[in-house]
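Chain by chain, the residues:
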Amino acid sequence: PPPPRAGGQPPPPPPPAVAAQQQQLQQQQEQQQQQPPPRPAAPAAPEPPAAQEQQPRSSTPEPAAEPEQPLSSSPVSDAAPAEDGADAAADELAREAEQLKLDEQPKTPRTPRTPRADKAADVAAESHPPVDQGRIMEAYNKLMAEDPRDHLNVVFIGHVDAGKSTLGGQILFLTGGVDKRTIEKYEREAKDKNRESWYMAYIMDTNEEERVKGITVEVGRAKFETEARRYTILDAPGHKNYVPNMIMGAAQADVAVLVISSRKGEYETGFEKGGQTREHAQLAKTLGVVKLIVVVNKLDDHSVAEEGKWSQARYDEIVKGLTPFLKQCGYNPKKDLTFIPISALHGHNVKERVGSDVCPWYNGPTLFETLDTVEVQQREPTAPFRMPIVDKYRDMGTMVMGKSEAGLVQLGDTLQVMPNKLHVKVEAIYRDEQE
């Protein structure tokens, strides 16, 4: 209030508006005195001394809606965080157990879908009737009625320059696969290159590079027939640089013909360590060729012939040297091996037996007679179709080549290519050049 005036008289009362303002200001001051001062945030782990220092100065009870928790360390407030921590730990253990169960379950990998996979799935989803054994046997009997002769794949293996291509060309000439005019043409070409004895090899070696070098590079393929069987000739390369090509040819063979050169020095070179005679014999056995015919070639060469007659001593030497090694490779000498002396360049003992004036000490079968009587594994026509793929190329679709090992295949059949499990449909079938 304003100080008293001189003379002891009280001051006059204030106007009503001023009196109302003073009363409102006084009420605000009283309310501020009644409210406690703002408290700092409670620490995570309050200590008793700090709690005592933060006690409110006013004894007015805190309102119920106050969000701050009391800082006193009472038993109830200590138990609540402990219970919350136990519940959180239990929840964490439950989540870990559930995750372990999910990890133990087998997961199926999701492969990306491609147009080829979609097409294969569509082909696989088509409904196929069950295998009809009667229909298969009917088709097989129809094929046998057209040509009941068996078919064999014969591969010629051996060291380089042993006479494999010459033997193959001589077989085609003797069976009518090559006419005499073509042979005369090859004779002139070989004579121009100072290689008069190579003209028979030109029948199988059609590549100009092979003719110039005198070395077979790719597997030559030809066919011939006898009265008993049909044959496909596979002329494998003998050089060590082309062993992969030889493996591709031997993988398709039923019977292997191991050609040995009896000329002085050539047999020893091919049979010594590192020679292709050893390697080819081992590879043929590994690739599943059970029957092996060993032909001893070039017995009419002047280095081994005795007064125009074939040398029996040289033939016996080669047989005695090869038999233990071939037996070690896995061939049975009594059942799986056959030794035949021949002359591939002149065709002696290939189709017709050699005369007694040239070879009086051999009375066994010829090469053709041995091939016609060799025992091979019979194919089961009702078994699932199996054909190892040895080569492929694209021509109005994908063309795959190989040898049919079992079963029967027809147009429209759905096959599965392993190991990708790709389903394909057969659109055309070729046997040699015949569709």
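Residues numbered from 1 in each chain as written. Predicted model: local features only at pLDDT ≥ 70, side-chain atom pairs only at ≥ 80, totals over all residues. Heavy atoms only, no water.

**Focus on the confidence of the model for the protein chain**
- Per-residue pLDDT for the protein chain averages 78, and the proportion of residues at 70 or more is 76%.
- This stretch, residues 41–82, has a pLDDT under 50; its non-local contacts, to residues over four places away or in other chains, come to 10 contacts.
- Of the regions scoring below 50 in pLDDT, residues 123–128 engages in five contacts with residues more than four places distant in sequence or in other chains. (pLDDT = per-residue confidence, 0-100. Contact = heavy atoms within 4.5 Å.)

**Here we look at the pairing of strand E5 (residues 291–297)**
- The buried count for E5 comes to seven of seven residues, which makes it a mostly enclosed element.
- In E5, alternate side chains face the same way, and those of Lys291, Ile293, Val295 and Asn297 on one face and Leu292, Val294 and Val296 on the other are all buried.
- Here strand E4 (residues 255–261) runs beside E5; their pairing, made up of seven bridges, is parallel. By the bridge assignment, Ser261 is partnered in E5 with Asn297.
- Examined bridge by bridge, E5 and strand E6 (residues 337–341) share five bridges and lie parallel to one another. Bridged to Val295 within E6 is Ile340. (Buried < 20%, exposed > 50% of the residue type's maximum accessible area, 1.4 Å probe, protein only. Helix = DSSP H or I, 4+ residues; strand = E, 2+ residues; numbered from the N terminus. Pairing = 2+ DSSP bridges.)

**Details of helix H7 (residues 180–192)**
- With 13 residues, H7 should reach 18 Å at 1.5 Å per residue; the first-to-last C-alpha distance of 19 Å fits that figure.
- Buried within H7 are the following residues: Ile183, Tyr186 and Ala190. Projected down its long axis, H7 carries its buried residues within an arc of 60 degrees, all on one side. The outward face of H7, more than 90 degrees from its buried face, is lined by the exposed residues Arg181, Arg188, Lys191 and Asp192.
- Where the residues of H7 are buried, they touch helix H6 (164–174) and helix H8 (208–213).
- Remark: Asn194 follows H7 within two positions and exhibits a positive phi of approximately 60 degrees. (Expected span 1.5 Å × (residues − 1). Arc of directions from axis to C-beta.)

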